[in-house]
Amino acid sequence: MNTEYKKYSEFKDTNSKWVPFIPKDWDIASLRWLSKRFAGGTPDKNKPEYWDDKVIPWLNSGAVNQEIIKLPSNYISNEGFANSSAKWIPIGSLVLALAGQGKTKGTVAYCEIKTTCNQSLAAITFEEGFYSKYFYWYLKSQYKNIRGLASSDGRDGLNLEMLGSIKLPIPSNIEQYQIANFLDQKTGQIDRLIAQKERLLKLLSEKRTAIITQAVTKGLDPNVEMKDSGIDWLGEIPRHWGVKRFKFCLTEPLKYGANESAESSDRDQPRFVRITDVDENGNLKEETFRSIDSEIAKPFLLKEGDLLMARSGATVGKNFMYKENWGIACFAGYLIRARIDQEIILPEFGNLFLNSGSYWDWVNSIFIQSTIQNISAEKYANLVLPIPPQNEQVKIVAFASKKREQLGNIIDGLSESLSKLKEYREAIITAAVTGQIDVRKEVLNEQAY
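Residue numbers restart at each chain and count upward from 1, following the sequence in its written direction. In view of the model being predicted, local features appear only for residues whose pLDDT reaches at least 70, and side-chain atom pairs are presented and counted only at 80 or more, with totals across whole chains, interfaces and linings using the full set of residues. Hydrogen atoms and water are omitted, and side-chain values are computed over all heavy atoms in the structure.

Chemist: Just give me the short version of the sheet that holds strand 11 (residues 121-126), but keep the residues and values in it.
Modeler: Read from one edge to the other, the open sheet built from five strands follows the order 4-11-8-9-6, with strand pairing classed as mixed. In the strand order of this sheet, the two ends are held by strand 4 (35-39) and strand 6 (68-69), each with one partner. Pairing between strands is defined by DSSP: at least two bridges between the two strands are required. In DSSP terms, a helix is any run of H or I states spanning at least four residues, a strand is any run of E spanning at least two, and both are numbered starting from the N terminus. Inspection of the sheet shows strand 8 (residues 94-97) paired to strand 11 by four bridges, in the antiparallel sense. Residue pairing for strand 11: Leu94 is matched across the bridge by Ile124.

Structure (structure tokens):
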């Protein structure tokens with residue numbers, strides 16, 4: 001991938017903290033002087049007649065995550081349009097989320113359709129002579145700064161006045177087009193590479209899960225005689241294996257963690273483990289270290305081989321096994337601890353099973369029965385586990401752990417490559433829209449072929 005580009009020869013100071021320097025022949029101006037900005041509106045959702053299929057396209061805040069908007073979120077009727085503050089947004093306009101869940105706020109998108117939008121989106125239409133696609137790329141590169149306009153912690157919403165204050169670097173009209181065209185082509189190439197790597201990552205993860213599932217539910221002997229486990233999501237298991245409910249594989253009842261806030265980073269105190277501290281390979285992330293007072297931690301201290309399962313939230317069902325070399329640690333309230341009876345089942349075997357496809361089939365069956373994504377200690381206690389003989393568990397753990405590690409190393413390398421590719425994508429956008437590189441020659445070279 002070519003990363004060496006021609007640079008502009010001279011730069012000037014902009015007095016802007018966002019873009020301190022731009023090429024000498026570029027200008028800089030506030031967004032308010034280059035565009036019209038307006039928010040949309042939402043017809044009354046209690047009036048079905050205001051919502052009609054295939055009449056007037058309408059966008060909600062989440063639509064910005066498309067980046068290039070080709071499809072509306074919904075449609076409103078002519079009556080709904082007339083009785084709301086919704087306004088038409090021309091093709092080629094930008095929409096920017098003034099509010100929204102997660103990373104939505106501050107995200108910008110380019111409209112390839114004529115549409116309307118809700119009141120949490122700002123429509124931005126540029127005056128004649130300005131190429132909106134270039135400014136789309138610029139605003140995209142300034143996502144973090146735009147979110148920071150509202151407040152330092154990012155909790156407050158943005159408004160039209162804030163957006164109007166954004167300073168924009170302004171190349172010549174032809175350069176605006178050339179930069180946008182270059183980024184369309186370059187990010188398209190990068191996005192295809194990202195998609196390929198993400199597909200490969202998914203396939204490798206599926207392969208790892210399949211290997212674990214086969215080992216912990218069918219064993220290592222392909223010729224072994226099978227029997228029906230009596231459990232739909234578990235299926236057949238080797239005839240000489242048994243099954244037990246999780247609660248009968250423990251030395252003590254399942255335990256919820258400490259309901260404490262993770263504010264301290266004192267490394268002389270026990271680490272306070274949360275599910276978000278654990279990576280995909282079951283390892284603790286050093287950069288997320290938090291601790292709590294040792295007296296508070298005492299009832300929740302972990303021992304070698306303890307299994308921890310997430311009971312609610314976006315990570316519900318995720319789990320890992322504590323290891324003593326992680327140091328003294330306790331666990332948070334959204335986790336449930338299982339202390340394994342090693343005369344019945346090896347903790348490592350239990351950990352492998354809780355990362356199998358069969359386990360996740362059970363998790364999904366719980367969600368089908370309830371609209372709330374929550375798995376209580378009582379539900380975990382009644383989870384049925386296959387129980388091979390101890391000597392067979394040892395062999396299964398050795399085999400599956402080795403395969404898991406091998407695939408995990410490949411996945412880690414691919415994930416790092418993917419992360420660097422995404423960083424490169426962001427860097428090339430920022431460099432192009434702020435004049436750190438001169439893409440005019442690149443565009444001419446592309447057009448020559």
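So that's the structure; there's more coming.
Chemist: Hey, could you go over helix 10 (residues 390-433) for me, with residue numbers and the actual values?
Modeler: The length a helix should cover is 1.5 Å for every residue beyond the first. For helix 10, built from 44 residues, the straight-helix expectation of 64 Å at 1.5 Å per residue is met to within 8% by its first-to-last C-alpha distance of 62 Å. Just past helix 10, the residue Gly435 takes up positive phi, approximately 80°.

Chemist: Can you tell me about the sheet that holds strand 5 (residues 56-59), naming the residues and giving the values?
Modeler: As summarised here, the arrangement of the three strands in space is 7-5-10, forming an open sheet in which the pairing is mixed. The open sheet has two edge strands, strand 7 (74-76) and strand 10 (116-117), and neither has a second partner.

Chemist: Describe the pairing of strand 21 (residues 335-338), and please don't skip the residues or the numbers.
Modeler: Relative accessibility decides the category of a residue: with a 1.4 Å probe and only protein chains considered, values under 20% of the type maximum give buried, values over 50% give exposed, and everything between is partly exposed. Every second residue of strand 21 is oriented toward a common face, with Leu335 and Arg337 on one face and Ile336 and Ala338 on the other, all of them buried. Bridge count between strand 16 (residues 255-256) and strand 21: two bridges; the pairing is antiparallel. Opposite Lys255, over in strand 21, you have Arg337 as the bridge partner. Taken together, the four bridges between strand 18 (residues 307-310) and strand 21 define a ladder with antiparallel strand orientation.

Chemist: For the packing of aromatic side chains, give the residues involved together with the corresponding values.
Modeler: Only rings of Phe, Tyr and Trp enter the pairing, Trp through its six-membered ring, and a pair is recorded when the two centres are within 6.5 Å. The plane angle decides the type: under 30 degrees is stacked, over 60 is edge-to-face, the rest tilted. A full pass over the atoms with the stated rule returns 14 aromatic pairs. Ring centres of Phe300 and Phe331 lie 6.1 Å apart, and the angle between their planes is 80°; this geometry places the pair in the edge-to-face category. Of this pair, Phe300 sits in the loop between helix 6 (294-297) and strand 18 while Phe331 sits in strand 20 (residues 329-331), placing them 31 residues apart in sequence. Assigned by exposure class, Phe300 and Phe331 land together as buried. Through successive ring pairs, a cluster of aromatic residues spans Phe126, Phe130, Tyr134 and Phe135.

Chemist: Tell me about unusual backbone geometry, residues and numbers included.
Modeler: Negative phi characterises most residues that are not glycine, and trans characterises most peptide bonds. The backbone of Asn15 shows a phi angle near 60°, a positive value even though the residue is not glycine. Mapped onto the elements of the fold, Asn15 is located in the loop between strand 1 (11-13) and strand 2 (21-23). Notably, Glu67 is not glycine yet its phi reads approximately 70°, a positive angle. Considering the arrangement of structural elements, one finds Glu67 in the loop between strand 5 and strand 6. Residue Glu67 is classed as partly exposed on the basis of its relative accessible area, which comes to 28%.

Chemist: Tell me about the pattern of salt bridges, residues and numbers included.
Modeler: Between side chains of opposite charge, a pair can form as their charged atoms come close. We define a salt bridge as a contact between a side-chain nitrogen of Lys or Arg and a carboxyl oxygen of Asp or Glu at a distance within 4 Å. For the structure shown, the criterion picks out 15 salt bridges. For Arg339, the salt bridge goes to Glu252, with nearest N and O atoms at 3.6 Å. Pair noted here: Arg339 is in the loop between strand 21 and helix 7 (347-353) and Glu252 is in the loop between strand 15 (242-245) and strand 16, with a separation of 87 residues, a long-range link. For Arg339, a relative accessible area of 11% puts it in the buried group. Among the salt bridges present, the one from Glu286 reaches Arg267, with a minimum N-O distance of 2.7 Å. With Glu286 in the loop between strand 17 (271-273) and helix 6 and Arg267 in the loop between strand 16 and strand 17, this pair connects stretches of sequence that are 19 residues apart. Taking the relative accessible area as the measure of exposure, Glu286 reaches 49% and is therefore partly exposed. Within this structure, Glu252, Asp306, Arg337 and Arg339 form a network of salt bridges that share partners.

Chemist: Help me get a handle on the nonpolar core, residues and values and all.
Modeler: If you look at the biggest cluster of nonpolar residues, it comprises 50 residues, and the most contacted ones within it are Leu139, Leu168 and Leu183. Sorting elements by how many residues they give to this core places helix 10 first, with 11 residues. Contacts: residue pairs with any heavy atoms within 4.5 Å of one another. Residues in contact with Leu139, not counting those within four places in the same chain, are Leu94, Val108, Ile124, Ile146, Ile166 and Leu168. Side-chain atoms within 4.5 Å are what join buried Ala, Val, Leu, Ile, Met, Phe, Trp, Tyr and Cys residues into a set we call a nonpolar core. With 41 residues, the next largest nonpolar core counts Met321, Ile344, Leu346 and Phe349 among its residues.

Chemist: Please give an account of helix 2 (residues 132-141) that cites residues and values.
Modeler: Counted residue by residue, helix 2 has 10 buried out of 10 residues, so it is predominantly covered. Turning to helix 2, its buried residues are Ser132, Lys133, Tyr134, Phe135, Tyr136, Trp137, Tyr138, Leu139, Lys140 and Ser141.

Chemist: Talk me through the packing of helix 5 (residues 173-218) against helix 10; I want residue IDs and the actual numbers.
Modeler: Only C-alpha atoms enter the line fits that serve as axes; for helices the fit covers just the stretch in contact. Angles between N-to-C directions range over 0 to 180 degrees. Running from amino to carboxyl end, helix 5 crosses helix 10 at an angle of 170°, the nearest separation of the two axes being 10 Å. By the angle between their directions, the pair helix 5 and helix 10 is classed as roughly antiparallel. Any angle between 65 and 115 degrees counts as roughly perpendicular, while under 35 counts as roughly parallel, over 145 as roughly antiparallel, and the rest as oblique.

Chemist: Any details on the packing of helix 2 against helix 10? Residues and values, ideally.
Modeler: It is the contact of helix 2 with helix 10, at a shortest axis distance of 9 Å, that shows an interaxial angle of 125°. When the axes of helix 2 and helix 10 are compared, the pair comes out oblique. By crossing handedness, the relation of helix 2 to helix 10 is classed as left-handed. Only Arg425, Ile429, Thr430 and Val433 of helix 10 make contact with helix 2, whose side of the interface consists of Tyr134, Trp137, Tyr138, Lys140 and Ser141. Three classes are used, and their members are as follows: Ala, Val, Leu, Ile, Met, Phe, Trp, Tyr, Cys and Pro are nonpolar, Asp, Glu, Lys and Arg are charged, and the others, Gly among them, are polar. For the contact of helix 2 with helix 10, the per-class residue count stands at five nonpolar, two polar and two charged. Each crossing is labelled by how the near helix is turned from the far one, with a counterclockwise turn of less than a right angle marking it left-handed and a clockwise turn marking it right-handed.

Chemist: Break down the environment of Ser30 for me, citing the residues and quoting the values.
Modeler: Relative to the helices and strands, Ser30 is located in strand 3 (residues 27-30). With 133 residues separating them along the chain, Ser30 and Leu163 place their C-alpha atoms 8.9 Å apart. Apart from residues no more than four positions distant in its own chain, Ser30 is found in contact with Gly164, Ser165, Ile166 and Lys167.

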